[in-house]
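Here is what each chain is made of, one letter per residue.
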Amino acid sequence: MNKSESIEDLKNQMDTIPEWKKVNSIEKSFFPDHEFLIREYKFKSDKATSQFIFKVLEEAEKENHHPLLIFEWHKVTLSWSTHDQKSITDKDFRLAKLSDEIYSKIN
C-alpha cells in the first residue's frame, strides 16, 4: 500500500487481518520510525515457537522482505513494514496473512 492510497483502502486491508494492529513508531529503538503491522502469537511449546519462527523467516527470505521478530518463552511478536517506503505495503499485508496461516498450521 503506497502513501497515495486512501484511508478506506487501508481499513479494508486491515479488516482482512483482524488479529493485527497498525501502529506508529513506539519509543523503542528496534521498531521502525513509521507505520507497521504488529501481532503477538502465543504457542504451546518451544518446539512450536521455533517451527513458526523458522517457517516465517523461510518465507521472508523467498520474498526478500524481512520482519522484525522478537521471541520469548512460548511467544513471538512479529512486525511487518516496508522500510524503503516508510509505510505499510501490500507485501506486508500478504506476509501478515501468510504468517497467520503458518501459525494456524503449527499451533
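Residues numbered from 1 in each chain as written. Predicted model: local features only at pLDDT ≥ 70, side-chain atom pairs only at ≥ 80, totals over all residues. Heavy atoms only, no water.

Turning our eyes to something else, we now look at unusual backbone geometry. Notably, N64 is not glycine yet its phi reads approximately 50°, a positive angle. The topology assignment puts N64 in the loop between α2 (46-63) and β3 (68-72). On the basis of relative accessibility, which here comes to 60%, the residue N64 falls in the exposed class. (Helix = DSSP H or I, 4+ residues; strand = E, 2+ residues; numbered from the N terminus. Buried < 20%, exposed > 50% of the residue type's maximum accessible area, 1.4 Å probe, protein only.)

Judged by nonpolar contacts, the single largest core of 21 residues is most densely connected at W20, L37, F52 and W80. At the level of elements, α1 (7-15), β2 (36-42), α2, β4 (75-80) and α3 (90-106) are the ones that each hand at least two residues to this core. (Core = buried A, V, L, I, M, F, W, Y, C linked by side-chain atoms within 4.5 Å.)

Another aspect to go through is α3. The terminal C-alpha atoms of α3 lie 24 Å apart, and with 17 residues this matches the ideal 24 Å at 1.5 Å per residue to within 8%. For α3, the full list of buried residues reads D92, F93, L95, A96, S99, D100, I102 and Y103. (Expected span 1.5 Å × (residues − 1).)

Take the environment of F43 next. You can see F43 is positioned in the loop between β2 and α2. F43 sits in the buried class, given a relative accessible area of 7%. The spacing of F43 and W73 is 30 residues in sequence and 8.6 Å in space, taken between C-alpha atoms. Excluding residues that lie within four positions of it along the chain, F43 makes contacts with A48, T49, F52, H74, K75, V76, Y103 and N107. (Contact = heavy atoms within 4.5 Å.)

The next point concerns the pattern of salt bridges. For the structure on display, the rule yields eight salt bridges. The shortest N-O distance in the salt bridge between R94 and E63 comes to 2.6 Å. Of this pair, R94 sits in helix α3 while E63 sits in helix α2, placing them 31 residues apart in sequence. Among the residues examined, R94 registers a relative accessible area of 42% and is labelled partly exposed. Residue E72 is joined to K75 by a salt bridge in which the shortest nitrogen-to-oxygen separation is 3.4 Å. For E72, a relative accessible area of 42% corresponds to the partly exposed category. Owing to a relative accessible area of 22%, K75 belongs among the partly exposed residues under this scheme. Here the salt bridges share partners, and the residues they tie into one network are E40, K42, E72 and K75. (Salt bridge = Lys/Arg side-chain N within 4 Å of Asp/Glu carboxyl O.)

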